[in-house]
Amino acid sequence: MSTSTHSPARAGRRVALAGAVALTATLALAAPAVAHAEVEADRPQALAENVTLSFVSEAESDSAGFGKLRVVLPEGIAPGDITLDEAPKGWKLAATNDGYTLGGPALKAGVDAEHKIKVRQLPDEKELVFKTVETYSDGEVSRWIELPTGGKEPEQPAPVLKLKAAAAGAKTVSPGPTVSATPSPAPSATESDVAAAASDTDARTAEADDNSSTGVLIGGVLAALAVLLGGAWWLVQRRKASSQS
């Protein structure tokens, strides 16, 4: 009798375990990829001179690599105030009217794009925002240009560099040399924001569709799991009744 009672119980546990594994796998597949664009400084202090800024654009495509970056400089840093310090092999920097572009031979898929620039002097601010637009070799574009609003963290936050207060006696140096901005097919900062807003709307619509599809998939898994568990319970009860009779 012991064998006939415990066997279906073990079968029920196996069914439940299999269902849990299937659900976990489904949720893992449904989780979105996370990537960011970030900036750091060797001396993050207002009015600091000859500061090296390090930028990292994390790869989020499995099929294409970075081919170009566009960075909008914050107010107080002019294109003529920066020089390229380090970049992927073969990549060149070109000044634009509001920042710079950096690009060259496409990186391999999954490889982060890292580069460094030297800034003549940081402005007297508490934080600096470097809106960044990334272009992949297949034409896909990621816009890291959003700022927190209403206490909510944005989905695609712009790189932000927080600064310490200026050192005692620090002063603004004279303006640097003016450089000729290379015409860029990329829109200006304002136009980028408008285009990004439209793109974000499309992205949110697509995301909503994806979420809907994911919800249907998860709902199906849960329903199947419920049926399996119910069947296992019924089988256990039936065999208990048979053994008792």
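Everything quoted here is computed from the prediction, not taken from an experiment.

**Student:** It is not clear to me how unusual backbone geometry should be interpreted in this structure. Could you clarify?
**Tutor:** Where the residue is not glycine, phi is negative for most of them; where a peptide bond is considered, it is trans in most cases. Even without being glycine, L47 reaches a positive phi, approximately 70 degrees. With respect to the element layout, L47 can be found in the loop between β1 (37-41) and β2 (49-57). Judged by relative accessible area, L47 falls into the buried class, the value being 11%. With a phi angle near 50 degrees, N50 is a residue other than glycine that sits in the positive phi range. Of note, N50 is situated in strand β2.

**Student:** Help me out: how do you make sense of the nonpolar core in this one?
**Tutor:** In summary, soluble globular proteins display a tendency toward joint burial of nonpolar side chains. L53, F55, I77, Y100 and F130 are the most contacted members of the largest nonpolar core, which has 26 residues in total. Counting only elements with at least two residues in this core, the list comes to β1, β2, β3 (66-72), β6 (99-103) and β7 (113-121). Apart from the residues lying within four places of it in its own chain, the contact partners of I77 are I82, V119, Q121, L122, P123, L128 and F130.

**Student:** Mind showing me how you'd approach empty space enclosed by the protein here?
**Tutor:** Empty pockets left among the atoms are what a rolling probe the size of a water molecule brings to light. This model, assessed by the stated rule, comprises 1 cavity of 30 Å³ or more. The computed volume of the largest cavity comes to approximately 40 Å³. In terms of lining, the largest cavity is formed by A37, E38, F55, V56, S57, L69, V71, A113, H115 and T132. For the lining of the largest cavity, the secondary-structure elements that each account for two or more residues are β1, β2, β3 and β7. The element best represented in the lining of the largest cavity is β2, accounting for 3 residues. In the lining of the largest cavity, the residues fall into 6 nonpolar, 3 polar and 1 charged.

**Student:** I tried to follow the pattern of salt bridges on my own but got confused; where do I start?
**Tutor:** Oppositely charged side chains can form a pair if their charged atoms are brought close together. Under the counting rule described, the total for this entry stands at 3 salt bridges. As a salt-bridge pair, E86 and K116 come within 4.0 Å of each other at their nearest N and O atoms. Remark: K116 occurs in strand β7 and E86 occurs in strand β4 (residues 82-86); sequence separation between them is 30 residues. Overall, E86 belongs to the partly exposed group, its relative accessible area being 45%. Judged by its relative accessible area of 29%, K116 falls in the partly exposed class. Note that K162 and E127 form a salt bridge whose closest N and O atoms lie 3.0 Å from each other. On the criterion of sequence distance, the pair formed by K162 in strand β11 (residues 160-162) and E127 in strand β8 (residues 127-129) is long-range, its members being 35 residues apart.

Rules of the game
Residues numbered from 1 in each chain as written. Predicted model: local features only at pLDDT ≥ 70, side-chain atom pairs only at ≥ 80, totals over all residues. Heavy atoms only, no water. Helix = DSSP H or I, 4+ residues; strand = E, 2+ residues; numbered from the N terminus. Buried < 20%, exposed > 50% of the residue type's maximum accessible area, 1.4 Å probe, protein only. Core = buried A, V, L, I, M, F, W, Y, C linked by side-chain atoms within 4.5 Å. Contact = heavy atoms within 4.5 Å. 1 Å grid on protein atoms, 1.4 Å probe; cavity = no way out; pocket = protein on both sides within 12 Å on 5 of 7 lines; lining within 4 Å. Points joined across faces, edges and corners; volume = space filled by probe spheres on them. Nonpolar A, V, L, I, M, F, W, Y, C, P; charged D, E, K, R; others polar. Salt bridge = Lys/Arg side-chain N within 4 Å of Asp/Glu carboxyl O.

On their own, these measurements won't tell you what the molecule is for.
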